[in-house]
Amino acid sequence: MNPANLLSAARLAMTPPVVASIVAGNYRQALLLLAVAGATDGADGLLARRYGWQTRLGAYLDPIADKVLLAAVYLALGFAELLPWWLVTAVFTRDLAILCVAAAILLWTDFRNFRPSRWGKLSTTFQILTALAALAAPALDSRLLAAAKRLLIPAAGTCTVWSGLHYAWQIRRALSAGASRR
């Protein structure tokens, strides 16, 4: 366990307090905790690359921490009625499908090359921006942020669905290529 992996583990551990803050209606606290958790995501990758702290554990822990945090935050934002359920369902279903398919591939194949796609990164960016706007608008009582949230919701939804389809296509292509080599 190195500092980069500890940051990923910290992000995972921060998920319950972020969710509890959202559900309790303490949006300022939730916003602050989510911002700190988001900072750990950038810091863990930077540290791992800079100091050669890349590990197998980190390769699995980082994306799992990201998925768990975002999925839980979206569920909490749905229950708090800060985001529409169709978007919550799209984000949660996509992330759950990615985790389940990755687990199945790890268990039943030799494939280990799970790289995030550009579409996945774009989707995650829009999901994070949307979650931050959904929390910031009531936390800061900002009409501008509320308007930004309304614009981000369809963008996040579109990117989420598109990236999910793109991941499915990539996985099918990679598994087909692997099967044809045998």
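These numbers come from a predicted model, not from an experiment.

Caption draft 1: Inspection of the side chain of Ser 163 at higher detail. Counting through the fold element by element, Ser 163 comes out in helix H6 (residues 143-181). Exposure remark for Ser 163: the relative accessible area of 0% places this residue in the buried category. Of note is the side chain of Ser 163, whose polar atom sits 2.7 Å from the side chain of Arg 94. Here Ser 163 is in contact with Arg 94, Trp 119, Gly 120 and Ser 123, once residues within four sequence places are set aside.

Caption draft 2: How the structure looks around the packing of aromatic side chains. All told, the structure shown has 3 aromatic pairs when counted by the stated rule. Residues Trp 119 and Trp 162 carry aromatic rings whose centres are separated by 5.9 Å and whose planes lie at 85° to one another, so their mutual orientation is edge-to-face. With Trp 119 in helix H5 (residues 118-140) and Trp 162 in helix H6, the pair connects residues that are 43 residues apart, well separated along the chain.

Caption draft 3: Main features of the nonpolar core. Ranked by size, the top nonpolar core spans 26 residues in total, and within it Ile 22, Val 73, Tyr 74, Leu 77, Leu 83 and Leu 135 carry the most contacts. Every element with two or more residues in this core is listed here: helix H1 (3-23), helix H2 (27-51), helix H3 (56-79), helix H4 (85-108), H5 and H6. Among the elements that make up this core, the one with the highest residue count is H3 (6 residues).

Caption draft 4: Fine view of a nonpolar patch on the surface. A cluster of nonpolar residues, Trp 119, Leu 122, Val 161, Trp 162 and Leu 165, forms a patch on the protein surface that exposes about 490 Å² of accessible area. Of all elements in the fold, only H5 and H6 reach the threshold of two or more residues within the nonpolar patch. By residue number, the principal contributor to the nonpolar patch is H6, which donates 3 residues. Within the secondary structure, Val 161 sits in helix H6. On the basis of relative accessibility, which here comes to 46%, the residue Val 161 falls in the partly exposed class.

Conventions adopted
- Residues numbered from 1 in each chain as written.
- Predicted model: local features only at pLDDT ≥ 70, side-chain atom pairs only at ≥ 80, totals over all residues.
- Heavy atoms only, no water.
- Helix = DSSP H or I, 4+ residues; strand = E, 2+ residues; numbered from the N terminus.
- Buried < 20%, exposed > 50% of the residue type's maximum accessible area, 1.4 Å probe, protein only.
- Polar contact = N/O pair within 3.5 Å; in protein donor to acceptor, adjacent residues only side chain to side chain.
- Contact = heavy atoms within 4.5 Å.
- Phe/Tyr/Trp six-rings, centres within 6.5 Å; stacked < 30°, edge-to-face > 60°.
- Core = buried A, V, L, I, M, F, W, Y, C linked by side-chain atoms within 4.5 Å.
- Patch = residues over 30% accessible without salt bridge, like charges linked within 9 Å, V, L, I, M, F, W, Y side chains within 5 Å.
- Areas by Shrake-Rupley, 256 points an atom, 1.4 Å probe, with all protein chains shown as cover.
- Salt bridge = Lys/Arg side-chain N within 4 Å of Asp/Glu carboxyl O.

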